[in-house]
Amino acid sequence: MAEVKKRGRPSQPGSGSQKGAQALERGIAVLNYLAQSGGSSSVSNIAENLSLPLSTTFRLLKVLEEADFVYQDAQLSWWHIGLQAFTVGSSYIHNRDVLSVAAPYMQRLMLLSGETANLAIRNGFEAVLIGQRECQSMVRMCAPLGSRLPLHASGAGKALLYSLDDEALMSLMMQAGLKNFTTHTLDNLNALKKDLQHARQQGFAQDSEEHVTGLNCLASAIFDSNNNAVAAISISGPSSRLTTERFTDLGELVRDTARDISLALGQRH
């Protein structure tokens, strides 16, 4: 059968993504302009200062309005920075607060344990490393800040999971999946739930070569003033030195450090 071709302009490869990127850049420019203008401005001023057509500027503002990044004053028709912009900014500030509060405790933990101390937060289906204090041993764990870890197969990830109820855990793991990284990875939901229950009871999670062969990790959750798990502190090192025989003593050290940080963040018992 002969192929039927539609007449018209040929499509441009990547044109859709380019337009999307341009719209995103313009939306960010609008938010930045509002911030520099004291949080509010008229649509005509925005358009003029950003050299954008008035109609384009209005469409950008309406998209941002739907996401609560901006809102329009009903009386003056001026546009103002919205609540969602505050929420995003507050999240950044909060993470920086956790890091600044945890920093001296991480240093102490590194010195007492002799292993690298790490601080991680949850981002979607992963744990993200936001702080680290490297130990002085010749052989040591070292990962770049911003490194991402699987929630189900890392000490920090499991510490961020063990405070969740079964329904929330099930929903999260169904979306994230249980990827197998080593022969020790817990890729079965029932086995993971049992492991997390044990971690909850003892106050720390353990990663025994579940993410990387030859690397062990112990981690505990950090809670804020609302008793929400906002971060995890961990120690990690080669399995030849951070052996399973040391898990209890060092795990309790990690647990106590997490408790001290939580109290410093205002956790209520």
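Residues numbered from 1 in each chain as written. Predicted model: local features only at pLDDT ≥ 70, side-chain atom pairs only at ≥ 80, totals over all residues. Heavy atoms only, no water.

**Focus on the overall build of the protein chain**
The following threshold applies: Strands here are runs of E lasting at least two residues and helices are runs of H or I lasting at least four, both read from the DSSP assignment and numbered beginning at the N terminus. To get the radius of gyration, use the C-alpha atoms; to get the globule rule, take the number of residues to the power 0.38 and multiply by 2.2 Å. With a 1.4 Å probe rolled over the protein chains alone, any residue whose accessible area is under 20% of its type maximum counts as buried; one over 50% counts as exposed, and the rest are partly exposed. When checking whether two residues touch, look at their non-hydrogen atoms; a contact exists if any pair is within 4.5 Å. Each accessible area value is a Shrake-Rupley result obtained with a 1.4 Å probe; residue values ignore everything except the protein chains displayed when judging cover. Think of it this way: Lys and Arg go in the positive column, Asp and Glu in the negative one, and His and the chain ends go nowhere. Where a charge lies is defined by one atom per residue type, namely NZ (Lys), CZ (Arg), CG (Asp) and CD (Glu).
Counting its regular elements, the protein chain contains eight helices and nine strands. For 269 residues, the compact-globule formula gives about 18 Å, and the C-alpha radius of gyration of the protein chain, at 24 Å, lies well above that figure. Along the three orthogonal principal directions, the C-alpha set of the protein chain runs to about 70 × 65 × 40 Å. In the protein chain, buried positions account for 39% of the 269 residues. Sequence-distant contacts in the protein chain: of pairs separated by 6 or more residues, those separated by 24 or more amount to 55%. In the structure as shown, the protein chain presents an accessible area of about 15,400 Å², 53% of it carried by carbon and sulfur atoms. For the protein chain, the distance from the average site of its 24 positive side-chain charges to the average site of its 25 negative ones is 7 Å.

**As for the UniProt feature "domain: HTH iclR-type" (unreviewed entry) in the protein chain**
Quick note on the threshold: UniProt positions are given in the numbering used here, feature names are shortened, and annotations may be inferred rather than shown by experiment.
Per the UniProt annotation, the sites labelled "domain: HTH iclR-type" (unreviewed entry) are residues 21-83. Measuring from the first to the last C-alpha atom of residues 21-83 gives 24 Å, for a span that is 60% helix and 13% strand.

**Some points on the sheet that holds strand S3 (residues 79-81)**
Quick reminder of the rule: Two strands qualify as a pair provided that DSSP identifies no fewer than 2 bridges between them.
Read across the open sheet, the three strands follow the order S1-S3-S2; overall the sheet is antiparallel. Looking along the sheet, the strands with just one partner apiece sit at the ends: strand S1 (40-41) and strand S2 (70-72). Alignment of S1 against S3, held across two bridges, turns out to be antiparallel. Bridged to Ser41 within S3 is Trp79.

**Focus: the pattern of salt bridges**
We count it as follows: We define a salt bridge as a side-chain nitrogen of Lys or Arg found within 4 Å of a carboxyl oxygen belonging to Asp or Glu.
Under the definition given, this model contains nine salt bridges. A salt bridge links Arg148 to Glu126, with the nearest nitrogen and oxygen atoms 3.2 Å apart. In this pair, Arg148 is assigned in strand S6 (residues 148-150) and Glu126 in strand S5 (residues 126-133), connecting sequence segments 22 residues apart. Here Arg148 falls in the partly exposed class, since its relative accessible area comes to 44%. Residue classification places Glu126 among the partly exposed residues on the basis of a relative accessible area of 31%.

**Details of the sheet that holds strand S7 (residues 205-208)**
The condition that has to hold: Axes, fitted as lines to C-alpha atoms, cover a helix only where it is in contact. Angles between the N-to-C directions of the axes lie from 0 to 180 degrees.
On the basis of which strands lie adjacent, the open sheet formed by six strands has the order S6-S5-S4-S9-S8-S7 and antiparallel pairing. The open sheet has two free edges, formed respectively by S6 and S7, since each of these has just one partner strand. The sheet shows a mean angle of 35° between the axes of neighbouring strands, direction not considered. Bridge count for strand S4 (residues 116-123) against S5 is seven bridges, and the pairing is antiparallel. Bridging across to S5, Ala120 finds its partner in Leu129.

**Quick notes on unusual backbone geometry**
Here Glu209, not a glycine, exhibits a phi torsion of approximately 55°, which is positive. Among the secondary structure elements, Glu209 is positioned in the loop between S7 and strand S8 (215-223). Here the phi dihedral of Asn227 falls at roughly 60°; this positive angle occurs in a residue that is not glycine.

**Describing the pairing of strand S9 (residues 229-238)**
Burial within S9 is extensive, with nine of its ten residues counted as buried. Looking at chain direction, S4 and S9 are connected through five bridges and run antiparallel. Residue pairing across strands places Leu119 opposite Ile233, the latter belonging to S9. With nine bridges joining them, S8 and S9 adopt antiparallel strand pairing. Its bridge partner lying in S9, Asn216 is registered against Gly237. What sits between the antiparallel neighbours S8 and S9 is a turn of five residues, in which Asn227 has the positive phi angle 60°.

**Here we look at the pairing of S5**
Counted residue by residue, S5 has six buried out of eight residues, so it is predominantly covered. A loop of two residues connects S4 with S5, the two strands running antiparallel in sequence, and Gly124 in this loop sits at a positive phi of about 65°. Bridge count for S5 against S6 is three bridges, and the pairing is antiparallel. In the strand pairing of S6, Ala127 is matched with Leu149.

**Re the side chain of Asn216**
So the rule is basically this: A 3.5 Å cut-off defines polar contacts: any pair of N or O atoms within that distance qualifies, except that in protein one atom must be a possible hydrogen donor and the other a possible acceptor, and neighbouring residues in sequence count only when both atoms are side-chain atoms.
Topologically, Asn216 is positioned in strand S8. Among the residues examined, Asn216 registers a relative accessible area of 2% and is labelled buried. For Asn216, the side chain forms a polar contact with the main-chain nitrogen of Glu209, separated by 3.0 Å.

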